[in-house]
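Here is what each chain is made of, one letter per residue.
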Amino acid sequence: MEPRGLYDKYIVQKANGETTDPDARYFVLRLDTDVHARRAAHAYIASVWKANPALAGGLASLLAGLPSLVEAACGHTVPIGETVLLRPDLCRLCLTCYAKFQDGTAPKEEA
Ligand SMILES: [Zn+2]
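Since this is a predicted model, take the numbers as computed values, not measurements.

**So, the overall build of the chain**
Within the chain, the regular secondary structure consists of three helices and four strands. Traced from its N-terminal end to its C-terminal end, the chain shows the element sequence α-α-β-β-β-β-α. Computed over the C-alpha atoms, the radius of gyration of the chain is 19 Å, more than 25% above the 13 Å expected from 2.2 N^0.38 for a compact globule of 111 residues. Expressed along its principal axes, the backbone C-alpha trace of the chain runs to roughly 55 × 30 × 20 Å.

Take a look at the structure:
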């Protein structure tokens, strides 16, 4: 499936119940599964640490508590717990691709 690109995936509201600025623009990142989001978060920490060390430290702690992401043989980057090791030497698939592999819907490699 092709990635969708930028679209309105989330509705943002303030946790304290205040209304958001109607002119504000937000960009939500999913840190537990998206390696690109993690890179962005690390860049944000580097940028904000001087102005707001508590925010930088809190975000760094959040990242440190997340499971490591691995690039599986199928090309997907996922938490290591969401992979299946097919061969002890190197071949690891994400759970989605492993399910397709199991039910035979995965595309076969050319011989
Ligand atoms: Zn996969």
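**Focus on the domain arrangement of the chain**
For the chain, the assigned domains are domain 1 (31–66) and domain 2 (68–106). Placing a centre on the C-alpha atoms of domain 1 and another on those of domain 2 gives a separation of 27 Å.

**Things to note about the environment of Ala99**
Following the sequence through the fold, Ala99 ends up in helix α3 (residues 95–103). With 13 C-beta atoms counted inside 10 Å, the residue Ala99 sits in the partly exposed group. Taking the C-alpha atoms as reference, Ala99 lies 28 Å from Tyr7; in sequence the two are 92 residues apart.

**Remarks on the confidence of the model for the chain**
For any part of a model where pLDDT is low, the fine detail of the predicted coordinates should not be relied upon. Taken residue by residue, the chain gives an average pLDDT of 89. The fraction at 70 or more is 93%. The secondary structure element of the chain with the lowest average pLDDT is strand β2 (residues 77–79), at 87, and the one with the highest is helix α2 (residues 53–64), at 97.

**Some words on the environment of Leu69**
Structurally, Leu69 is set in strand β1 (residues 69–71). On the neighbour-count criterion, Leu69 (18 C-beta atoms within 10 Å) is partly exposed. Through-space distance from the C-alpha of Leu69 to that of Lys14 is 29 Å; in sequence the pair is 55 residues apart. Once residues within four sequence positions are removed from consideration, Leu69 is found in contact with Val35, Thr77, Val78 and Pro79.

**Remarks on the packing of helix α1 (residues 35–48) against α2**
Between α1 and α2, the least distance of the axes is 9 Å, while the angle of their chain directions is 155 degrees. Comparing the axis directions of α1 and α2 gives the class roughly antiparallel. Both α1 and α2 take part in a crossing whose hand is left-handed. Of the residues in α2, those in contact with Arg38, Ala41, Tyr44, Ile45 and Val48 of α1 are Leu55, Ala56, Leu59, Ala60 and Leu63. Looking at the contact of α1 with α2, its residues break down into nine nonpolar, no polar and one charged.

Calculation rules
- Here, residues in each chain are numbered from 1, in the same order as that chain's written sequence.
- Only residues with pLDDT of at least 70 get local features here, since the model is predicted, and only at 80 or more are side-chain atom pairs given and counted; chain-wide, interface and lining totals rely on the full set of residues.
- A helix here means a DSSP run of H or I that spans at least four residues, while a strand means a run of E at least two residues long, and both kinds are numbered starting from the N terminus.
- Radius of gyration here uses only the C-alpha atoms, and the compact-globule reference equals 2.2 Å multiplied by the residue count raised to the power 0.38.
- In this document the domain limits rely on a domain assignment from an automatic tool or a database.
- Residues are called buried when their C-beta atom has 20 or more other C-beta atoms within 10 Å, exposed when it has 12 or fewer, and partly exposed otherwise; all C-beta atoms are positioned from the backbone.
- Per-residue confidence from the prediction method is given by pLDDT, with values spanning 0 to 100.
- Working definition of a contact: two residues with C-beta atoms, positioned from the backbone, lying within 7 Å.
- An axis is simply a line fitted to the C-alpha atoms; with a helix, the fit covers only the stretch in contact. Between two such axes, the angle follows the N-to-C directions and lies from 0 to 180 degrees.
- For classification purposes, an angle smaller than 35 degrees is called roughly parallel, one larger than 145 roughly antiparallel, one from 65 to 115 roughly perpendicular, and anything else oblique.
- For any helix crossing, the convention is left-handed if the near helix is rotated counterclockwise from the far helix by under a right angle, and right-handed if that rotation is clockwise.
- Residues are grouped as follows: Ala, Val, Leu, Ile, Met, Phe, Trp, Tyr, Cys and Pro are nonpolar; Asp, Glu, Lys and Arg are charged; all remaining types, including Gly, are polar.

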